[in-house]
Amino acid sequence: MSDTNRNRLMLVIAIVMAAIYLFPLYWMFITALKSGSEMFATPPSFWPSEPQWATYAFVWESRGMGRYLWNSLVIAFGSVTLITVLGVGCAYVLARYRNVWVDIGLFLILMLQVLPASLMITPIFVGFSQLGMLNYPRLAVIIAIAAKSMPFFVVLVRATFMAVPQELEEAALVDGNSRVGAFFNIVLPLARNGILVSAILIFMQAFGEFVYSKSIIQAVELQPASVGLNSFMGPNTNEWNNIMAYATIYVTPILAIFVLLQRRIVSGLTSGAIK
Amino acid sequence: MKRLLSSIRDGNGFDIVLVAFPLGFLFLMAGLPLLYNILMSFQEVDMFSLGTFLRPFVGFKNYQDLFSQPETWPILGNTAIFVTGSIAGQFLIGFGLALFFWVNFPGASWLRGLFLVSWVMPGLVVGAIWNWILSGDFGVLNFMLRETGIISGNIFWRSDPNYSLYAVIIANIWLGTAFNMILLSVGLASIPGDLYEAAELDGANAWQRFWTITLPMMRSTIGAIVSLGLIFTLQQFDLFAAITSGGPNNSSNVTQYWAWDLSFRQYDFAKGATISVIMIVFVMFASVVYVRSTRHEVRG
């Protein structure tokens, strides 16, 4: 078999496998467009006979999705900002030196990265309630998410700083820059892309965060979209087309960001997680 | 004072300032809760003593109570099944896909990256989709299994105690496979190609090359990925909340969901803390393995 033919065959198989793997996503989009009776048809239809576009507007209105998504955005932006401000400097120092203290710091950070949120929420909740933080539930969630996700961010960004040649910074210091100046004028601009990709990864995580928000935020008007979706899905629900419409509205921005920046996100992720 | 300022602007003080704030923040928000968790597991905590630190100490009573409860061992068993099932599925499918995409063809890396959407989606959304796919009477999975003749009657994935845990495992395998595949691909790409050329000259067939070159060269990557898989499956909470809520009758309950359920559904914070302490010890053990295997790789 010639090379081109082999390549074509491989590509076809790959597309089929991707299609099988991504079928749940397709099913979400399709179900959202089905009518109430078509949804429960046997055999199920794999293409909606009459797409119900009005479902989206109906769900958006009746579930108050604007408010939920706004809260998700507030929480995601808040935690990304906090993590970036604190984490970038930490990653820079951990990348710049190589000694026992840095090894210990890295080890502690990796340890913190692995603590499951659903196990940490008990002491965090009790502690926050004693400090009166539960009166500012969204801020409390932002802080909790920042503590959870910052280790991951530091590990990723550290890999970026490692790739910046140290000679450049030394040259800037010889030219009369202070450490602060060299950091902000030379090192930070060179690492900008890596920081941005890591921040986007953190953003996507925080945008879908559930455990902390569910446990800490009691007031419905402050809850993010993940908690809203959870309360939409009662135990005996049969509004699956509406729920899938909700899910579609919720994930489409994330999917769009991911597909646009896919290459960068994948390479940023792999550089940090293994090395 | 002046020397301090100039050190911060132009000396080691700069590094110390940069590191002190994040580490202090992490200590306050992750380290202290960890210690507080251990403290609470030895105390009697209820709704009335929630606001004070000085609660009555009860020694190991929480631990004893926990292990005398009838549901404890089944839930620990479920956790073991959930972890092994998820990791085995994610790893085997992920490795298969990674080997397939290792054969370079145009579009391979883009298509491979596309798989990762399962990993970037919010866990609640993944859970909602699988909840609908796995539904008993109208679920599309039951339909496909019926059509292909694998089953004759519908399986009630979410409400049948024999299947509810596997419903969550299936969703979790789907969620994690792509991440496994991407990391395994990185490991595969770092194996030097001339090893295979040499083996081929010596007459080794594809099967022998896989067992004698690919697997041994991937050892540290595989170690890292399996321990990462353990860490991620023990963090999995959203799928349980979205698909079965641990039910019916705890048949799909696992420790990380149970700990939350004890604290926030039954308001038994002491027991929640106790379970957390036990599980965190497990997770820490996994992360030591992970750190060791990644370090091994850096040293080569």
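Owing to the predicted nature of the structure, the values given are computational and were not obtained by experimental measurement.

Undergrad: Break down the overall build of chain A for me, citing the residues and quoting the values.
TA: Each helix and strand counted, chain A has 15 helices and zero strands in total. Principal axes of the C-alpha set define a box for chain A whose edges measure 75 × 70 × 30 Å. Pairs at least 24 apart in sequence give 75% of the contacts found in chain A among residues at least 6 apart.

Undergrad: Describe the overall build of chain B, and please don't skip the residues or the numbers.
TA: A tally of helices and strands in chain B yields 15 helices and zero strands. Over its C-alpha trace chain B gives a radius of gyration of 24 Å, far above what one expects of a compact globule, namely 19 Å for 300 residues. For chain B, the spread of C-alpha atoms along the three principal axes comes to 75 × 75 × 30 Å. When each of the 300 residues of chain B is scored for burial, the buried share is 43%. Taking as baseline every contact in chain B between residues at least 6 positions apart, the subset at least 24 positions apart corresponds to 69%.

Undergrad: Describe in detail the packing of helix α9 (residues 166-174) of chain A against helix α10 (residues 179-190) of chain A, supporting the description with residues and values.
TA: Residues and elements named next belong to chain A. Viewed as axis vectors pointing N to C, α9 and α10 meet at an angle of 140°, and their least axial separation amounts to 10 Å. Classified by the interaxial angle, the pair formed by α9 and α10 is oblique. As for the relative orientation of α9 and α10, their crossing is right-handed in sense. Here α9 contributes Leu168, Glu169, Ala172 and Leu173 to the contact with α10, which in turn contributes Ala182, Asn185, Ile186 and Val187. Here the contact of α9 with α10 is built from residues that sort into six nonpolar, one polar and one charged.

Undergrad: Provide a residue-level description of the nonpolar core, including the pertinent values.
TA: Grouped together as the largest cluster of nonpolar side chains are 165 residues, with contacts concentrated most on Leu229 and Ala247 of chain A together with Val125, Ala128 and Ala171 of chain B. Considering every element that reaches this core, the biggest residue donor is helix α8 (residues 137-162) of chain A, with 17 residues. When we break this core down by domain, the ones giving at least three residues each are domain 1 (3-52) and domain 2 (65-274) of chain A. With near-sequence residues (within four places) excluded, alanine 171 of chain B lies in contact with Val126, Gly127, Trp130, Leu239 and Ile243 of chain B.

Undergrad: I'd like a description of the domain arrangement of chain A, backed by residues and values.
TA: Residue and element names in this part refer to chain A. Assigned domains of chain A: these are domain 1 (3-52) and domain 2 (65-274). Using only C-alpha atoms to locate each centre, domain 1 and domain 2 end up separated by 32 Å. Every contact between the two is made by seven residues of domain 1 and, on the other side, six residues of domain 2. Among the elements that take part in the side of domain 1 that touches domain 2, helix α2 (residues 23-33) stands out by supplying four residues, more than any other. Its residues assigned to classes, the side of domain 1 that touches domain 2 comprises four nonpolar, two polar and one charged.

Undergrad: Go over the confidence of the model for chain B, please, and point to the residues and values.
TA: Summarising the model, chain B shows a mean pLDDT of 86, and 97% of its residues fall at 70 or more. Note on the complex model: pTM 0.89, ipTM 0.89.

Undergrad: Which residues make up helix α13 (residues 225-232) of chain A, and what are the values?
TA: Within α13 of chain A, seven of the eight residues are buried, leaving the element largely enclosed by the surrounding structure. Among the residues of α13 of chain A, those classed as buried are Ala225, Ser226, Val227, Gly228, Leu229, Asn230 and Phe232 of chain A. Looking at the packing, one finds that the buried side of α13 of chain A touches α5 (65-96), α12 (211-216) and α14 (240-260) of chain A together with α7 (123-133) and α13 (238-243) of chain B.

Undergrad: I'd like to hear about unusual backbone geometry, residue by residue, with values.
TA: All names here are of chain B. Phi at asparagine 249 is positive, roughly 50°, even though this residue is not glycine. Tracing the backbone through its elements, the reader meets asparagine 249 in the loop between α13 and α14 (255-264). Despite not being glycine, tyrosine 267 shows a phi value in the positive range, around 55°. Here tyrosine 267 lies in the loop between α14 and α15 (269-299).

Undergrad: Go over the environment of phenylalanine 105 of chain B with me, naming the residues and quoting the values.
TA: In this fold, phenylalanine 105 of chain B is placed in the loop between α4 (72-102) and α5 (108-114). Ignoring anything within four residues of it in the chain, the contact list for phenylalanine 105 of chain B reads Asn7, Met10 and Leu11 of chain A.

Undergrad: I'd like to hear about the environment of isoleucine 83 of chain A, residue by residue, with values.
TA: Residue and element names in this part refer to chain A. Residue position: isoleucine 83 is located in helix α5. Residue classification places isoleucine 83 among the buried residues on the basis of 29 C-beta atoms within 10 Å. Residues isoleucine 83 and leucine 112, 29 residues apart in the sequence, show an inter-C-alpha distance of 14 Å. The contact partners of isoleucine 83, leaving out residues within four places of it in the chain, are Ala146, Ser149, Met150, Phe153 and Ile202.

Undergrad: Give me the lowdown on the confidence of the model for chain A, citing residues and values where you can.
TA: Put simply, chain A has an average pLDDT of 87, and 98% of its residues get 70 or more. For chain A, the element scoring lowest by mean pLDDT is helix α15 (residues 262-274) of chain A, at 71; α5 of chain A scores highest, at 93.

The rules behind the values
- Residues numbered from 1 in each chain as written.
- Chains lettered and ligands numbered in written order.
- Predicted model: local features only at pLDDT ≥ 70, side-chain atom pairs only at ≥ 80, totals over all residues.
- Helix = DSSP H or I, 4+ residues; strand = E, 2+ residues; numbered from the N terminus.
- Contact = placed C-beta atoms within 7 Å.
- Rg over C-alpha atoms; globule rule 2.2 N^0.38 Å.
- Buried ≥ 20, exposed ≤ 12 C-beta atoms within 10 Å, placed from the backbone.
- Axes fitted to C-alpha atoms, helices over the stretch in contact; angles between N-to-C directions.
- Parallel < 35°, antiparallel > 145°, perpendicular 65-115°, else oblique.
- Left-handed = near helix turned anticlockwise from the far one by under 90°.
- Nonpolar A, V, L, I, M, F, W, Y, C, P; charged D, E, K, R; others polar.
- Core = buried A, V, L, I, M, F, W, Y, C linked by C-beta atoms within 7 Å.
- Domains from an automatic or database assignment.
- pLDDT = per-residue confidence, 0-100.

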